[in-house]
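Examining the three-dimensional arrangement
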Amino acid sequence: MNRSLTLRDRDMMVMGSPENLNGYVIAQPASRLHFPPAHDITGTGVIDDYYHPDLADPTVLANGGGGATTLLRAAEAAFADRGMGAAFVVCPARWLSKIEMLEAAGYETAMVWSIRR
């Protein structure tokens, strides 16, 4: 996180006091680490570093998301302030309660990564 704080192209929002940090989100511009070269990433923001204890509670996520949704909205506002019209949130495919929270916020599946071993 210390490195993220030095980068001027992203915003980092935290919840709670320094002694009792409750959560954080980093809103950053899309990069080639997130999308293949064929995609136009202009105006796209990415949230892939995102934590709040409510993300571990499916009941809270199913009922509006609590602090996790507050952080998501803060990141979306930061994207809007930077002129980004799209937001991409990284979420594990089997994290059903987080997926439901994101869908309730208007997100839909855009990319699926697969691996075969």
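Everything that follows concerns the structure shown earlier in this document.
A short tour of the structure in this document, coming up. In this text the structure is predicted, and so the values were computed from the model without any measurement. (Residues numbered from 1 in each chain as written. Predicted model: local features only at pLDDT ≥ 70, side-chain atom pairs only at ≥ 80, totals over all residues. Heavy atoms only, no water.)

1. Describing helix 4 (residues 96-104)
Rules: Exposure is judged per residue with a 1.4 Å probe applied to protein chains only, and the accessible area is read against the type maximum: over 50% gives exposed, under 20% gives buried, and values in between give partly exposed. Put simply, DSSP H or I for four residues or longer makes a helix, DSSP E for two residues or longer makes a strand, and each gets a number counted from the N terminus. Throughout, the arc means the angular range of directions from the helix axis out to the C-beta atoms. Whether two residues are in contact is decided by their heavy atoms, any of which lying within 4.5 Å being enough.
Buried within helix 4 we find Ser97, Lys98, Met101 and Leu102. Buried residues of helix 4 fall within an arc of 140° about the axis and therefore sit on the same side. For helix 4, the exposed residues lying more than 90 degrees away from the buried face are Leu96 and Ala104. Those residues of helix 4 hidden inside the fold are in contact with strand 3 (44-51), helix 2 (58-62), helix 3 (66-81) and strand 4 (86-89). Once helix 4 finishes, Gly106 follows within two positions and takes phi at roughly 100°, a positive value.

2. Description of the packing of aromatic side chains
Stated precisely, the cut-off is as follows: Pairing of aromatic side chains here covers Phe, Tyr and the six-membered ring of Trp, requires ring centres within 6.5 Å, and sorts the geometry by plane angle: under 30 degrees stacked, over 60 edge-to-face, intermediate tilted. Any Lys NZ or Arg CZ that is within 6 Å of a ring centre and within 35 degrees of that ring's normal is treated as a charge sitting over the ring.
Here the structure, examined in full by the defined rule, presents 2 aromatic pairs. Consider the rings of Tyr24 and Tyr51, whose centres lie 6.3 Å apart with planes at 35°: the pair is tilted. With a gap of 27 residues between them, Tyr24 in strand 2 (residues 20-29) and Tyr51 in strand 3 connect regions that are remote in the sequence. The class for Tyr24 is buried, based on a relative accessible area of 14%. In this structure Tyr51 comes out as partly exposed when scored by relative accessible area, which is 41%. Note that Lys98 overlies the ring of Trp95, its terminal NZ or CZ placed 4.9 Å from the centroid.

3. A few points about helix 3
Here is the rule: What a helix is expected to span follows from its residue count: subtract one and scale by 1.5 Å.
For helix 3, which comprises 16 residues, the first-to-last C-alpha distance of 23 Å matches the rise-based estimate of 22 Å (1.5 Å per residue) to within 8%. Within helix 3, burial applies to Gly67, Ala68, Thr69, Leu71, Leu72, Ala75, Ala78 and Phe79. Each element contacted by the buried residues of helix 3 is listed here: strand 1 (11-17), strand 2, strand 3, helix 2, strand 4 and helix 4. Positive phi shows up at Gly83, right after helix 3, with a value of about 80°.

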